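# Structural features, examined
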Amino acid sequence: MMARLARAEMPRLRQMLFVAGAVAALEAVNRLTGVSGSLLVAEIIIMMVFASSLNLLMSFGHMVSFGHAAYFGLGSYGFALAITRFDVPAEAALVFGPLLAGIGGLVFGALCVRLTEIYFAMLTLACAQITYTVLFQWYDFTGGDTGLTGFMTPRFGLSEANFASAAMVLALVCLYVLWRVVHSPLGLAIRSVGQDRYRAEALGLSPRRVQLVAFVISAFFAGVAGTLFAVFHGNAFPDYAGLGFTLDALIMVVLGGLNSFLGGVWGALVYTLLKNFVPLMTAHWELILGLILLAIVLVMPHGLAGGVKRLAGMLGWGALR
Amino acid sequence: MTQLRSDLILTARGLRKTYGQFVALNDVNFDLRGGEKHALIGPNGAGKSTFISCVAGQLPGVEGAVLFRGRDIGSLRPHQLAHRGIGRTFQISRTFLQMTVLENMTAAYVIAADSWTSLRRRVLARQQDKAANMLRIIGLSQRAHERVLDLPLGERKRLEFGMALAGDPDLLLLDEPTAGMSIKERHHLMDFVAERIDATGKTLLFVEHDIDVVLKIASRVTVMVRGGILVEGTPAEIAANKEVQAVYLGEAH
């Protein structure tokens, strides 16, 4: 009994040590590298939440979304519109970002889960394009292509470093909730439907209902990321719901590694770093970025998380799952 | 010999299913009594799997009525049927391949208990205990932490059968449970299935090609040919039936 308990607690301790180490490292970079370092850390953290929200769908629900930026954008606009159009105080408006994203996820999700696989993916793309177009063209309400600006002091006036720290705390909460979801009965149901919807159905699950729940949770956390992004820059633009952000999220998840909880986290870290530093070194940065991505995918078919896991295994440190 | 209960658990009336020009089921009437181990046999294309799929709610566009415990279940979706007490396995076994054996079984229990919306670890732990117990019963405890993908076919089938039992169904539908297995494995699995059915008083309807297995396990046998029922009877009656011998020896072997 004691031995069993000890074995169950060990990985947990290691996981907590790992998380503490990661936070300490990020915070050190945040505090020691000046304003530009803090801005980069903040962006990485926001992207970690965004990518992890998509990772829930892709790695566990096996649902590939080609339009995840819709919920990122709705997060930004839910927050910005609450302030600009409904005179909600900025602090209180924070909840309207994830809320609008969640509602968007509910409406579009209900449509999308009627189809599966590539048809599901195409429908998510269509829903995202609808979102983008509305944000882009509804000038009276959303500000159209000029977006919403000047409605708040960026970062609520926090210093870059303090904002990055605050974002880190919020991101940790989000990742913890996502972790709990994945390791709960609900997470098991999401994985079940992802792996074999017919078996899940024969056991008594409605696949669509499970997928819709996953979709809404995922959209909600993409909305948290989008809200943070709007606070970060003090603005909201239609591009936040555009194909660029959708692609970024997809690349981060695949790069980070499918079928791994930390896939989105690793992917966001490495991809954001590449995107920020490669352009400084060469004018052909997209080419270089593409080559680097190609190399990583070829060398580590299970993504960065898979590579890290393998490395940890070689070091006899099997807790980094 | 187990005592046969006389109540009808499943009734099909005038079942008809077509795929374009092809008539897969042609006006099938069928009765299943509680406690039976009923085998569906017949040559390929006879409509056995189609019939199972009709009962399991997997097929659209079926004419006729299916009654389960006297209630029409024709319009119910598979997940609703599961909660009404119908469990099933598939011709090509379906399990969650990337998950461990224990996770598979736990998922089955979580779903059966309808607690899949829960976020609580305690709920998961409770269902996991039940799952571990079922793994002991089906003899897969040693494999609990292995991925299903790494299991041989026979054990996957055994797991799938155990998962179908998780919801404590009254009626089990097994569509070719022994397909692709060696003779030894077939008898091993089906002896076990029969033992579980007898021990729990459930009803079994299964499609099976191995006539030796059928004659050993089944309490009743229905022979299907070209979308209809040719004859129904005890294994002994079926074995002695000249028409069945003609159909079976003529086409299947």
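Structure: above.
Model, not experiment: these values are computed from the prediction.

The subject of this paragraph is the environment of B:Val193. Residue and element names in this part refer to chain B. Structurally, the position occupied by Val193 is in helix α6 (residues 183-200). In this structure, the C-alpha to C-alpha distance between Val193 and Gly162, residues 31 residues apart in sequence, is 9.4 Å. Ignoring sequence-local partners within four residues, the contact set of Val193 consists of Phe161, Leu174 and Leu204.

All names here are of chain A. Running from amino to carboxyl end, helix α3 (residues 69-84) crosses helix α5 (residues 96-112) at an angle of 135 degrees, the nearest separation of the two axes being 7 Å. Put simply, α3 runs oblique to α5. Relative to α5, the crossing made by α3 is right-handed. Where α3 approaches α5, its residues Tyr71, Leu74, Gly75, Tyr77, Gly78, Phe79 and Ala82 are matched on the opposing element by Phe96, Gly97, Leu100, Ala101, Gly104, Gly105 and Phe108. The residue inventory of the contact of α3 with α5, partitioned by class, reads nine nonpolar, five polar and no charged.

Residue and element names in this part refer to chain A. All told, the structure shown has 21 aromatic pairs over all chains when counted by the stated rule. Ring plane angle 55 degrees and centroid distance 5.3 Å describe the contact between Phe72 and Phe229, whose orientation is recorded as tilted. Residue Phe72 is found in helix α3, and its partner Phe229 is found in helix α11 (residues 207-233); the two are separated by 157 residues along the sequence. Among the residues examined, Phe72 registers a relative accessible area of 0% and is labelled buried. An aromatic cluster of at least three residues, connected via ring pairs, comprises Phe50, Phe72, Phe163, Phe229, Phe232, Phe237, Tyr240 and Phe245.

Because each turn of an α-helix spans 3.6 residues, side chains separated by three or four positions end up pointing in the same direction. Residue and element names in this part refer to chain A. For helix α15 (residues 303-314), built from twelve residues, the straight-helix expectation of 16 Å at 1.5 Å per residue is met to within 8% by its first-to-last C-alpha distance of 17 Å. Inspection of α15 places Gly303, Leu304, Ala305, Gly306, Gly307 and Ala312 among the buried residues, and these make up the whole buried set. Residues of α15 that are buried sit in contact with α12 (243-256), α13 (263-281) and α14 (285-299).

Conventions and cut-offs
Residues numbered from 1 in each chain as written. Chains lettered and ligands numbered in written order. Predicted model: local features only at pLDDT ≥ 70, side-chain atom pairs only at ≥ 80, totals over all residues. Heavy atoms only, no water. Helix = DSSP H or I, 4+ residues; strand = E, 2+ residues; numbered from the N terminus. Contact = heavy atoms within 4.5 Å. Axes fitted to C-alpha atoms, helices over the stretch in contact; angles between N-to-C directions. Parallel < 35°, antiparallel > 145°, perpendicular 65-115°, else oblique. Left-handed = near helix turned anticlockwise from the far one by under 90°. Nonpolar A, V, L, I, M, F, W, Y, C, P; charged D, E, K, R; others polar. Phe/Tyr/Trp six-rings, centres within 6.5 Å; stacked < 30°, edge-to-face > 60°. Buried < 20%, exposed > 50% of the residue type's maximum accessible area, 1.4 Å probe, protein only. Expected span 1.5 Å × (residues − 1).

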